[in-house]
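Coordinates in review
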Amino acid sequence: MNLYGLTGYPLGHSLSPVIHGELFKIAGIDGEYKLYELAPENLGIGIAALKNSLCGFNVTIPHKVEVISYLDELDEKAALFGAVNTVKVGKKTVGYNTDCIGFLRALEMAGIPLEGRVLLCGAGGVARMFAFEAALAGCDLTIAARDEDIPAANVIKDEIKDKLDKDTQVTNLRDVEEGYDLIINGTPVGMYPFINACVLPKEIIQKSGAVFDAIYNPGETQLIKYAKEAGLKYSNGLSMLVLQAVAAEEIWNHITFSEEDIKKVIKTTETELMKK
């Protein structure tokens, strides 16, 4: 049996075992996926143990950056973002970033182009990845953040300028105006249990072209509800979560999945989420 897993701290409840279990079934892989909670002070010893016992593993908060020093190589996107969420174990231990693949494929599945004027809400880890992908796609990007997060937004802006030589605007969330082709929510605003909160006013959302919300609990945030009301294209974070796992499986096992298979896994994961 091939062994895989997820490491982070704390892990709590994770949908990853469900997702990868479904992918193993579809691909006919004799695999098992477990959670390996690993405190930061034990990272070095823990990663060594995972490398000796697993064929591959995923990495989540707070280890996505620190894990890099324990790997032999990074793929291009992981090096660009300075963050790893997937590790392949072999003669060399290689770090990848499949969060970005999941994001891009989720947009594609929803028929949402990553182009034009893009508003990114938030300046945390996942927002940073969204920002780089928008810049790589040639978008006219604005990062909107709360007062206390403006310095972090400016750090992302400077990184994009330094690494990609592309300009980015930074603004306060309260100063956002309408007219964006795509709004991306990279904040936790609207996440369970605060399901009635929304990162932006309804009128700004409904005068945009499309919406992507990184949140997947609830599956239909207030942001998504406003988008649906206006007939906009939209996607939530559940498809991204499944699709980043699909990308990890492709890396570990050199396999591909049909869109029909992926939609089945998304549906199964959605059902599992509703039980929690």
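What comes next concerns the included structure. (Residues numbered from 1 in each chain as written. Predicted model: local features only at pLDDT ≥ 70, side-chain atom pairs only at ≥ 80, totals over all residues. Heavy atoms only, no water.)

**As for helix H2 (residues 43–53)**
For the record, the criterion: Buried residues are those whose accessible area, probed at 1.4 Å on protein chains only, stays under 20% of the maximum for their type, while exposed residues exceed 50% and partly exposed ones sit between those limits. Per the convention used, a helix needs a DSSP run of H or I reaching at least four residues, while a strand needs a run of E reaching at least two, with both numbered from the N terminus. This arc is built from the directions going out from the helix axis to the C-beta atoms.
Burial in H2 covers these residues: Leu43, Gly46, Ile47 and Leu50. Each buried residue of H2 sits inside an arc of 95° when the element is viewed along its axis, so together they form one side. Residues of H2 that are exposed and point more than 90 degrees away from the buried face comprise Ile45 and Asn52.

**Let's talk about the sheet that holds strand S6 (residues 94–96)**
Across a sheet, strands are paired by hydrogen bonds formed along the backbone, either parallel or antiparallel in direction. Our working definition: If DSSP finds at least two bridges between two strands, the strands pair. What makes two residues a contact is simply this: any of their non-hydrogen atoms within 4.5 Å. All axes are obtained by fitting lines to C-alpha atoms, using only the stretch in contact for helices, and the reported angles, taken between N-to-C directions, cover 0 to 180 degrees.
Spatially, the 6 strands line up as an open sheet ordered S2-S1-S3-S5-S6-S4, and their pairing is mixed. Unpaired on one side and paired on the other, strand S2 (31–37) and strand S4 (73–74) mark the two borders of the sheet. Relative to strand S3 (residues 56–59), strand S1 (residues 2–8) runs parallel, the two sharing 4 bridges. Looking across to S3, one finds that Thr7 is bridged to Val59. The sheet contacts of helix H9 (residues 237–253) involve S1, S2, S3, strand S5 (86–88) and S6, and relative to S5 the element is tilted by about 10°.

**Concerning the sheet that holds strand S10 (residues 182–185)**
Pairing is parallel across the open sheet formed by 6 strands, whose spatial order is S9-S8-S7-S10-S11-S12. Looking at which strands have only one partner, the edges of the open sheet turn out to be strand S9 (169–172) and strand S12 (233–235). Neighbour-to-neighbour, the strand axes of the sheet open up by a mean angle of 20°, direction not taken into account. Of the pairings in the sheet, the one linking S10 to strand S11 (residues 210–213) comprises 3 bridges and is parallel in character. For Ile184, the partnering residue across the bridge sits in S11 and is Phe212. Its contacts with the sheet place helix H8 (residues 222–229) against S10, S11 and S12, and it is angled at close to 160° to S11.

**Quick notes on helix H6 (residues 150–164)**
Rule in force here: Helix span is expected to be 1.5 Å times the residue number reduced by one.
Along its 15 residues, H6 runs 21 Å from first to last C-alpha, staying within 8% of the 21 Å computed at 1.5 Å per residue. Within H6, the full set of buried residues consists of Ala153, Ile156, Ile160 and Leu164. Considered in projection along H6, the buried side chains sweep an arc of 55° and stay on one side of the axis. Opposite the packed face of H6, turned more than 90 degrees from it, sit the exposed residues Pro151, Asp158 and Asp162. Summarising the contacts, the buried residues of H6 are in contact with helix H3 (76–81), helix H5 (125–136), strand S8 (140–145) and S9.

**Quick look at unusual backbone geometry**
Cis geometry is adopted by the peptide bond preceding Pro10, which originates at Tyr9 and carries an omega value of -10°. Structurally, Pro10 is set in the loop between S1 and helix H1 (16–27). With phi around 55°, Asp165 is a residue other than glycine that occupies positive phi space. Looking at the secondary structure, you find Asp165 in the loop between H6 and S9. You can call Asp165 exposed: its relative accessible area is 57%. The residue His254 is not glycine, and still its phi comes out positive at about 55°. Position of His254 among the secondary structure elements: in the loop between H9 and helix H10 (259–275).

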